[in-house]
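One letter stands for each residue in the lines below.
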Amino acid sequence: MIKKTLLILVTCMSLIACQHKVVVTPSMALFTEQETGVAPYQTRIIVDQDYMRMDDGPASRDFVLLDRRAKKIFNINNDNKTIMTIASRAVDVKPPIKLDMRTDKVDSMKAAPSIDNKQPEHYAFSVNNKVCSQAVVVKGLLPDMVKAMKTFAEILAGDSAVTFNNIPADMQTACDIAANTFAPTRHLQMGFPIREWKKGYSRTLLNFKKNYKIDPKLFELPKDYFQFAVQDFREGKVKIPE
């Protein structure tokens, strides 16, 4: 009787899980980015349930690939035929100064046109009473891409912690410390960033597509490329073939 009851319970739980299973469809977003002293350039992001790829567009041979399940980043350089990897790790350092972080809504933007039937909002992100960056975000837009972006930012934050104590204090600002290491996903918590900017940098969404048709080869690593871990490179253990 107990076995029969357990079987019925497991069956019911499985049916409920299946009914509530979220179907993830591939998506694409195209941005233009601007840095001080650099000509504007485009960045394309493609996401499915297993990977996120970042590149310059269809003709790009250099790209960055995030394995979402393994939580590992692969940086592919076509010129020297290398793949540098960054593995996920915890941020195991503490900020050297107090970081009083605030997120303030600047404008509800009710008069702005909606995007995918969702309204954009303008936020400012501050540390120690100084506005570090701002973003116009759309909550609920491309949620799976936002999730992948968070994973990517968290991996980079964990890696930044490795060399954190080696960077002179006078070369680190409270804004940089928060954004790079201790609060890398603050803007993403608010929604999908269609525009974001800070001193010397901006990024603006040009186009996006849901239900994007993906060539599976875009998520394949090049064969015969020399692969190494970023930490081994830092420690001088890597000799890149010429």
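Below is a short write-up of the structure. The shown structure was predicted, so the numbers you read here are calculated from the model rather than taken from an experiment.

Each helix and strand counted, the protein chain has four helices and 12 strands in total. The C-alpha extent of the protein chain, read off along each of the three principal axes, is 70 × 55 × 40 Å. Counting all 242 residues of the protein chain, 38% fall into the buried class. Summed over its atoms, the accessible surface of the protein chain is roughly 15100 Å², and 55% of this surface lies on carbon and sulfur atoms. In the protein chain, the 35 positive side-chain charges and the 27 negative ones have mean positions that sit 7 Å from each other.

The residue Ser 60 is located in the loop between strand 3 (51–55) and strand 4 (63–67) in this model. At a separation of 2.5 Å, a polar atom in the side chain of Ser 60 contacts the main-chain carbonyl oxygen of Asp 62. Among all residues touching Ser 60, those that are not within four sequence positions of it are Arg 53 and Asp 55.

Here strand 5 (residues 72–77) pairs with strand 6 (residues 82–87) via six bridges, running antiparallel. Residue pairing across strands places Asn 77 opposite Thr 82, the latter belonging to strand 6. Count of turn residues in the strand 5/strand 6 antiparallel hairpin: four residues, of which Lys 81 carries a positive phi of about 55°. Pairing analysis gives four bridges linking strand 6 to strand 12 (residues 226–229), with the strands arranged parallel. By the bridge assignment, Thr 85 is partnered in strand 12 with Ala 229.

The subject of this paragraph is the environment of Arg 69. Tracing the backbone through its elements, the reader meets Arg 69 in the loop between strand 4 and strand 5. Judged by its relative accessible area of 62%, Arg 69 falls in the exposed class. For the pair formed by Arg 69 and Ala 179, sequence separation is 110 residues and the distance between their alpha carbons is 24 Å. Residues within four places of Arg 69 in sequence aside, it is in contact with Gln 49 and Asp 50. Within polar-contact distance, the side chain of Arg 69 engages the side chain of Asp 50 at 2.4 Å.

Parameters and conventions
- Residues numbered from 1 in each chain as written.
- Predicted model: local features only at pLDDT ≥ 70, side-chain atom pairs only at ≥ 80, totals over all residues.
- Heavy atoms only, no water.
- Helix = DSSP H or I, 4+ residues; strand = E, 2+ residues; numbered from the N terminus.
- Buried < 20%, exposed > 50% of the residue type's maximum accessible area, 1.4 Å probe, protein only.
- Areas by Shrake-Rupley, 256 points an atom, 1.4 Å probe, with all protein chains shown as cover.
- Lys, Arg positive; Asp, Glu negative; His and termini not counted.
- Charge placed at Lys NZ, Arg CZ, Asp CG, Glu CD.
- Polar contact = N/O pair within 3.5 Å; in protein donor to acceptor, adjacent residues only side chain to side chain.
- Contact = heavy atoms within 4.5 Å.
- Pairing = 2+ DSSP bridges.

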